[in-house]
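Architecture at a glance
Here is how the chains run, residue by residue.
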Amino acid sequence: MTPGAGRAADVIIIGGGVTGTAAAWWLTQRGVRDVVLLERGTVGCGGTGKSSGIVRCHYGVPSLAAMAWKGLLLLENAAAVLGDDAGFRPVGYLVGVGPENVAALHANLAMQQSLGIETAAVGPDVAGSLWPAADCSDFAVFGYEPRGGYGDPYRTAQAFAAAARRGGAQI
């Protein structure tokens, strides 16, 4: 029940991690004001708080790559969109393959580029300059996302929750 309203909320979200808080914010952005998010602990304390926070768009399934791209754009602009820095740090993302997977990597990069995702194929020499501590000589080619990186999942959940509250959600 929405406190004081005497009726059930239009939307009840269970779980205050990144997914739940993002859903609450997204709904308020779409005009749904009677949103209640339920979390047994504190926002971002469960699986979200344990996440490594890797942010990448290198997926082989177009729908996943497209969703990751939209998420990356939001994280890059979190201060303007959500009203708070979500802790995203762009450091780049590399994925390396051996000779037997070069064609598949190029196909994935072409698909990602068709979605507007900034990716490129780079050789072991370039990968080594980006990651000096790594021995890249066993790889034939790398996929490189210069805008990939890592985030602070707890801080991201907090930013989504604060923005959802400003939009009318109760947490």
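Throughout what follows, the structure given in this document is the object of discussion. (Residues numbered from 1 in each chain as written. Predicted model: local features only at pLDDT ≥ 70, side-chain atom pairs only at ≥ 80, totals over all residues. Heavy atoms only, no water.)

1. Notes on the nonpolar core
To keep it simple, the criterion reads: Take the buried Ala, Val, Leu, Ile, Met, Phe, Trp, Tyr and Cys residues and link them wherever side-chain atoms come within 4.5 Å; each set so joined is a nonpolar core. The buried label goes to any residue with under 20% of its type's maximum accessible area, the exposed label to any with over 50%, and the partly exposed label to all in between, with areas taken from a 1.4 Å probe on protein chains only. Helix and strand labels come from DSSP, where a helix needs a run of H or I of at least four residues and a strand needs a run of E of at least two; each type is numbered from the N terminus. We call two residues contacting when some pair of their heavy atoms lies within 4.5 Å.
Formed by 25 residues in total, the largest nonpolar core has its most connected members in Ala-24, Trp-25, Cys-57, Leu-72, Leu-82 and Phe-160. Looking at this core, the elements that each hand over two or more residues are helix 1 (18-29), strand 2 (35-38), helix 3 (62-76), helix 4 (78-82) and helix 7 (153-166). Per-element tally for this core: the top contributor is helix 3, with six residues. Sequence-distant contacts of Cys-57, that is, excluding residues within four places in its chain, are made with Ala-65, Ala-68, Trp-69, Leu-72, Gln-112, Ile-117 and Glu-145.

2. Some words on the environment of Val-61
Position of Val-61 among the secondary structure elements: in the loop between strand 3 (54-55) and helix 3. Accessibility expressed as a relative area gives 42% for Val-61, which makes it partly exposed. C-alpha separation for the pair Val-61 and Met-111, spaced 50 residues apart in sequence, amounts to 8.8 Å.

3. Things to note about the layout of surface pockets
Heads up, the condition is: Grid spacing is 1 Å over the protein atoms alone, the probe is 1.4 Å, and a cavity is where that probe fits but cannot get out, while a pocket is an open set with protein on both sides within 12 Å along at least five of seven lines and lining residues have an atom within 4 Å of a point. Grid points are joined across faces, edges and corners, and a volume is the space filled by probe spheres set on the points. Gly falls in the polar group here, along with every residue not listed as nonpolar (Ala, Val, Leu, Ile, Met, Phe, Trp, Tyr, Cys, Pro) or charged (Asp, Glu, Lys, Arg).
By volume, the largest pocket amounts to about 880 Å³. Lining the largest pocket are 28 residues, with Val-18, Met-67, Gly-71, Leu-75 and Phe-160 positioned closest to its centre. Elements represented by at least two residues in the lining of the largest pocket include exactly helix 1, helix 2 (47-50), strand 3, helix 3 and helix 7. The element best represented in the lining of the largest pocket is helix 3, accounting for nine residues. Partitioned by chemical class, the residues of the lining of the largest pocket number 17 nonpolar, eight polar and three charged.

4. Digging into helix 1
Where we set the bar: Multiplying one less than the number of residues by 1.5 Å gives the expected span of a helix.
Spanning twelve residues, helix 1 covers 16 Å between terminal C-alpha atoms, matching the ideal 16 Å at 1.5 Å per step. Within the sequence span of helix 1, burial applies to Gly-20, Thr-21, Ala-22, Ala-24, Trp-25 and Thr-28. Turning to helix 1, the residues buried within the fold contact strand 1 (11-14), strand 2, helix 3, helix 4 and helix 7.

5. Section: the packing of helix 1 against helix 7
Convention followed: Here the axes come from fitting lines to C-alpha atoms, over the contacting stretch only for helices, and the angles between their N-to-C directions go from 0 to 180 degrees. Throughout this description, any angle smaller than 35 degrees is read as roughly parallel, any larger than 145 degrees as roughly antiparallel, any in the 65 to 115 degree range as roughly perpendicular, and the remainder as oblique. Take the far helix as the reference: if the near one is turned anticlockwise from it by less than a right angle, the crossing is left-handed, and if turned clockwise, right-handed.
One way to put it is that helix 1 packs onto helix 7 with a least axis distance of 8 Å and a crossing angle of 25°. The angle between helix 1 and helix 7 places the two elements in the roughly parallel class. In the crossing of helix 1 with helix 7, the sense of the turn from one axis to the other is left-handed. Seen from helix 1, the contacting residues are Val-18, Thr-21, Ala-22, Ala-24, Trp-25 and Thr-28; seen from helix 7, they are Pro-153, Thr-156, Ala-157, Phe-160, Ala-161, Ala-163 and Ala-164.

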